[in-house]
Each structure stands twice: as C-alpha cells, then as structure tokens.
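Summary of structural features
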Amino acid sequence: MADKEPIKEELYGDAVREHLIEFAEKGGYAAIPEDEREEWFTRFKFWGVFHQRDGQEGYFMMRLTNANGHLEPGQLRAIGEVARDYARGPAENPEWGNGWIDLTTRQSVQLHWIKLEDVPEIWDRLEAKGVTTRSAGGDTMRNITGCPVAGRDKREFVNSQPILDHIQNDLRDDNAFANMPRKYNISVTGCRQGCAQDSINGIGLEPAEKKVDGKAVRGFNVVVGGGLGGREAREARSLDVFVEPERGYDVVKAFTQLYYDEGNRENRQKNRTRFFVDEWGTDLIREKLQDEYVDFELKQAGKDLREEYTYNSGGPNETDHVGVHEQHDGRNYVGLSVPIGRLPAEDAIAIADLAEKHGSGEIRLTRRQNPLILDVPDEELDDLLSAPVLDTHTPEPNPFERGTMACTGTEFCSIALAETKTRTARMIRWLRDNAEVPDDVDKIKIHFSGCTADCGQAMTADIGLQGMRARKDGEMVEALDIGVGGGVGEDPSFVDFIQQRVPADEVPGAIANLLESFGEERRAGET
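As the structure is a prediction and not an experimental result, all values here were calculated from the model. (Residues numbered from 1 in each chain as written. Predicted model: local features only at pLDDT ≥ 70, side-chain atom pairs only at ≥ 80, totals over all residues. Heavy atoms only, no water.)

Structural notes on the packing of aromatic side chains
- If you walk through the whole model with that rule in mind, you get 18 aromatic pairs.
- Note on W47 and W123: the rings are 5.5 Å apart at their centroids and 55 degrees apart in plane angle, and the pair reads as tilted. Linking W47 in the loop between α3 (37-44) and β1 (49-51) with W123 in helix α5 (residues 119-127), this pair joins segments that are 76 residues apart in sequence.
- On the basis of relative accessibility, which here comes to 6%, the residue W47 falls in the buried class.
- Classification of W123 by relative accessible area gives buried; the value is 1%.
- Taking the centre distance of 6.0 Å and the plane angle of 50 degrees together, the rings of W100 and F412 count as tilted. A residue pair is termed long-range when its members are at least 10 positions apart, and W100 in strand β4 (residues 100-103) and F412 in the loop between β17 (404-406) and α13 (421-434) qualify at 312 residues. F412 shares its class with W100; the two are buried.
- An aromatic cluster of at least three residues, connected via ring pairs, comprises F23, Y29, W40, F41, F44 and F60.
- It is R37 that lies over the ring of Y29; its NZ or CZ is 4.1 Å from the centre. (Phe/Tyr/Trp six-rings, centres within 6.5 Å; stacked < 30°, edge-to-face > 60°. Helix = DSSP H or I, 4+ residues; strand = E, 2+ residues; numbered from the N terminus. Buried < 20%, exposed > 50% of the residue type's maximum accessible area, 1.4 Å probe, protein only. Lys NZ or Arg CZ within 6 Å of the ring centre and 35° of its normal.)

This is the structure:
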C-alpha cells in the first residue's frame, strides 16, 4: 500500500476540517507536532490548504474550487479582498509585490502566503459568498472543468451547465468519494470548440449527436484516461458510449465509483486514471460499467464534433475566449488577458467592479488562466473597454501575453526545478521587443512547467518548457527542456522535445531563434 494510504484511511475528507481549525486556534503551524506535520499536510490538501516549500515554514497556499470557472456576482471581489488582506509574504515579489491571486489551468484560484491561524476567518469570509476550498487538492476530485461560457455561448451544441452543477453538488460533495486512489479530473463541455480539453482528463463528456429511435439526439460521447505529467501523457480514449444529457451525471458517477473501487492504491507513480485505463482497457471498463455500475443500456458512441475543435488546437482559427464575443442572448462576454495567470488583488477587485457595473456581475475563468466578464450589453461595451485596469489586462494582448501560461514553479512548489512566474513575465516582455512573429499569428502558446508533473501543460503548447537542472560554467543552474508541436484539437498531440537542459537565461534567445525559423520556413496553414 502506498505510504499515504494509511494516513488517509485513518482520517481524511470532511473530518479533517475540525482538526485544521483546532490547530489554527491553538497557534497555527507551531501547534502541529513536528513529527506529525507531513501527515497533517497530506490531509489538509483535501481542504485546499498546502504547506509551501522548504524555507517557507508556516506559510500555506490555499486553492479554491468551483465548477467550470463559474464565479457568481460578488465572489471575485471577496477573493480579491481576502488576497489583499491575507496573502502577504515576508518579502514582496519583484514583479507583483504583495497581495495577488493566481488563476489556474483548471479554472480555479490560488492564494499564497496564507498563515494557518488565519484560515478559519478566511473560510468565513469566502463561504459567506458561496466560495469553498473543499476537495481542492490531494487524492480527490479536482476542479471540474467545462466550457467557461456554458449557457451563454452563441454556438453551444448542448448546455453542459446543469450536468456540471449536478456533479459539483452531488458527486464532488459526497464525502464517500473524498479518498480517491489519486487526484482525479473530470470535464464536461457542450461547446463546439473543445475548451474543456476533455482529452487530458480522467473522464470527459464531449458533445456528440446520435440517432435514437430515428431521431437525432444531442448529448455526449464519453472518453477516459487522459492526462499529462511525468512525460507519460495520454490522450483520453473512447469508451464507445453516448449518453443523453439526463444520463451524463450517472455515467460520470459510475466511472468514478469504478476507479474508486478498483484503482491502484499500491503505487502512486502508476495510479492515475490514465494508467488505470492502460491496465484495464476500454472494452473491459465498458463491460464492467454496464454489468455492475449502471442500470440502463449504454448506447454506442455518436458522431462527435472534434473536427470543429479550435481551443488550444495548435491549428488555424484557434480560439481562446480572449476579446469581445456575442452571447446567444445578444449581450456580450469580454475575455481579458492576465499574462501567466497572476492578478494583483486590487486588479481583481477592479474587474469585479466592472462586471457589476457593466454586466451581470458574473465572472468565468478559463483553462488559459484568464477571466471573462459576462452579460455586457452593446451599449456598455465602450465604457467597459476604456476602464484603466484593461490597459494591463487587455482583451487585445500581444501574441506572447495572449499565449503564455506558467505553473507555480520554485517560488512556492517543493517539487519544481525552475522558477516560472517572474522568469516568464520578463521573458515575454523581452520576446515582445526582440522576437519577430508573422503578421497573421495572433498568439504564440508558450506553456511553462517547473517540472515534468506539467501543471503548466507544457505538453500541449506550441512551445513547451519544462524545468530541469544543468551545469553551466561549472555551476549547477536552472535549465529547461524545449518542446514544440502540442495541441488538443481534433487530433490531440503532445510536444516533441527538441532541446534538452538549455540554461534558463539562454531560453528567450532560443525561442526567438525558433520563431525566426518558423517565420522563414512555415507552410500554408501552419501556426
């Protein structure tokens, strides 16, 4: 049994909360017995509280949860105010100072420099606005991803929001599933662009159509076993199952139960869903679901919409929600650019103000670390677009700001090998000023992960960077592997690494050279 399993079997899930509060009330970090800290840190993750790396003892990262990046009116403001008041470290970051939030690649939010003794008050403030940290980390269901404009998209094929809410409220909130074999990712999208990136999730529902009793029915095909990390990326594989929307929740719950029951709890290096699907195969999984986990007939897969997928596709006409877009009701949503996902607290509050003044107050977060302001009437657009905060977080960014993402990196993460956020902020400014990009290219997707766990999704980028170490002039320095050619469109592909262990200070020049070659040698339609 893996070393964390006895810890989780003894205590995990909802029961952890009262113990965390007790430690907080007794003095925080110092109240945790030193020989028990690693055990408690394992458990705290379920409630979104992660101890930061060595050298930052007593400080924690807090991750928030939602379904498909959905923030109700007032929620972003509450998050920004908490970041302003509590997410403050002993020294300012050279780029962002103190008090900021990180938007994540799973449509969530992270706060850093949190003290354990402040967690109960932070929970009170966030939960008063309907924001929770439950099931944000550890071996459990992570943030459920979906189309950030579900229910608003003008070209939406089928509305996935009811299924997302059902999964969030009934499956993810079920403490019986708190202790999964490993972290577990779910996605549901009904849009034509593929923006939930179902192909890199443990289970994904993707839009499809099938003839049922002679009538064309819109619903979902089911794919399982996708994921990145460890240079062992997998595209999710078809279960050859089509479900109508009213059965979508049931199939997700059935696969979740199967993985909970049968997933490997012995080897943490080989127990994500992608390895489970490798071992069992889709035929056996489908058979097991039909025989033991659902009480209705599983229909064969329908016709998918993959040929229309443009989100992070690596192909022409790629979409990302940035800019002004018409909704199905004639109003608009406005996608802002937050380079590398780091948003100062005051800017978050200002964006919340704009959403309430010019729209409905609702905010959605995308898988590219950006916020969307929803429900903006035409007559409000000019005033919204002239707001000072949009000078920084513009809906018309340059190609490097628009396309670049980065994970947390060594600034806070104990397993990262490279600093990511500050390095990337400086790199994209340098590339803006020094690199040539063809006139018809509006984004260069550079994804930077501090290690091969690939939280920054380097494997799916135009140019993927993963942190390593190398020797330069006799000294050990941060270095990056550079890969090219990723995308998760109609036919998902992962980067091929073309340069290994490039010293980090040489990477901007290496990317500029790549872009120069791309401009000179690209073929028609290449991006």
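Text resumes after the structure shown.
Here's the deal with the sheet that holds β4
- One open sheet accounts for five strands, arranged β1-β2-β5-β4-β14; its pairing is antiparallel. Single-partner strands in this sheet number two, and they are β1 and β14 (342-344). Strand-to-strand twist in this sheet, taken as the mean axis angle between neighbours without regard to direction, amounts to 30 degrees.
- Bridge analysis of strand β2 (residues 59-63) against strand β5 (residues 109-115) gives four bridges, and the strand direction is antiparallel. The residue of β5 that forms the bridge with M62 is L111. (Pairing = 2+ DSSP bridges. Axes fitted to C-alpha atoms, helices over the stretch in contact; angles between N-to-C directions.)

Topic: the nonpolar core
- Ranked by internal contacts, the top residues of the largest apolar core, which has 54 residues, are F44, M62, I79, I101, L111, L116 and I373.
- Residues contacting M62, with those up to four places away along its chain left out, are G48, V49, V109, Q110, L111, I114, V119, I122, W123, L126 and T133.
- The next biggest cluster of nonpolar side chains, apart from the first, holds 39 residues, and it includes I203, V243, V277 and Y293. (Core = buried A, V, L, I, M, F, W, Y, C linked by side-chain atoms within 4.5 Å. Contact = heavy atoms within 4.5 Å.)

So, helix α14 (residues 507-521)
- For α14, built from 15 residues, the straight-helix expectation of 21 Å at 1.5 Å per residue is met to within 8% by its first-to-last C-alpha distance of 21 Å.
- Buried within α14 we find V507, P508, A510, I511, A512, L515 and F518.
- Contact partners of the buried residues in α14: α12 (399-403), α13, β18 (446-449), β19 (463-472), β20 (475-484) and β21 (496-503). (Expected span 1.5 Å × (residues − 1).)

Examining the side chain of T105
- For T105, the location among the structural elements is in the loop between β4 and β5.
- Judged by its relative accessible area of 9%, T105 falls in the buried class.
- Engagement of the side chain of T105 in a polar contact is seen with the backbone oxygen of C455, the distance being 3.2 Å.
- Contact partners of T105, with chain neighbours within four places excluded, come to R367, Q369, M405, C455 and Q457. (Polar contact = N/O pair within 3.5 Å; in protein donor to acceptor, adjacent residues only side chain to side chain.)

Focus: the packing of α13 against α14
- Where α13 contacts α14, the axes come no closer than 10 Å and their chain directions differ by 40 degrees. Looking at the two axes, α13 sits oblique to α14. Judged by the twist between their axes, the crossing of α13 over α14 is right-handed. Residues M427, W430 and L431 of α13 pack against V507, P508, G509, I511 and A512 of α14.
- For the contact of α13 with α14, a count of residues per class yields seven nonpolar, one polar and no charged. (Parallel < 35°, antiparallel > 145°, perpendicular 65-115°, else oblique. Left-handed = near helix turned anticlockwise from the far one by under 90°. Nonpolar A, V, L, I, M, F, W, Y, C, P; charged D, E, K, R; others polar.)

Details of the sheet that holds β19
- With mixed pairing, five strands are arranged side by side in an open sheet as β17-β18-β19-β20-β21. Of all the strands in the sheet, just β17 and β21 have a single pairing partner and so form its edges. Here the average twist between neighbouring strands, direction ignored, is 25 degrees.
- Relative to β19, β18 runs parallel, the two being bridged by four bridges. The partner of S449 across the bridge, within β19, is Q466.

Considerations on the pairing of β2
- Most of β2 is tucked away, with five of its five residues classed as buried.
- The two faces of β2 match: Y59, M61 and R63 on one face and F60 and M62 on the other face are all buried.

Regarding unusual backbone geometry
- Here the phi dihedral of D213 falls at roughly 55 degrees; this positive angle occurs in a residue that is not glycine.
- Position of D213 relative to the elements: it lies in the loop between β8 (203-212) and β9 (215-224).
- Phi angles above zero are rare outside glycine, and D473 is one such case at about 55 degrees.
- On the basis of relative accessible area, D473 is assigned to the exposed category, the value being 74%.

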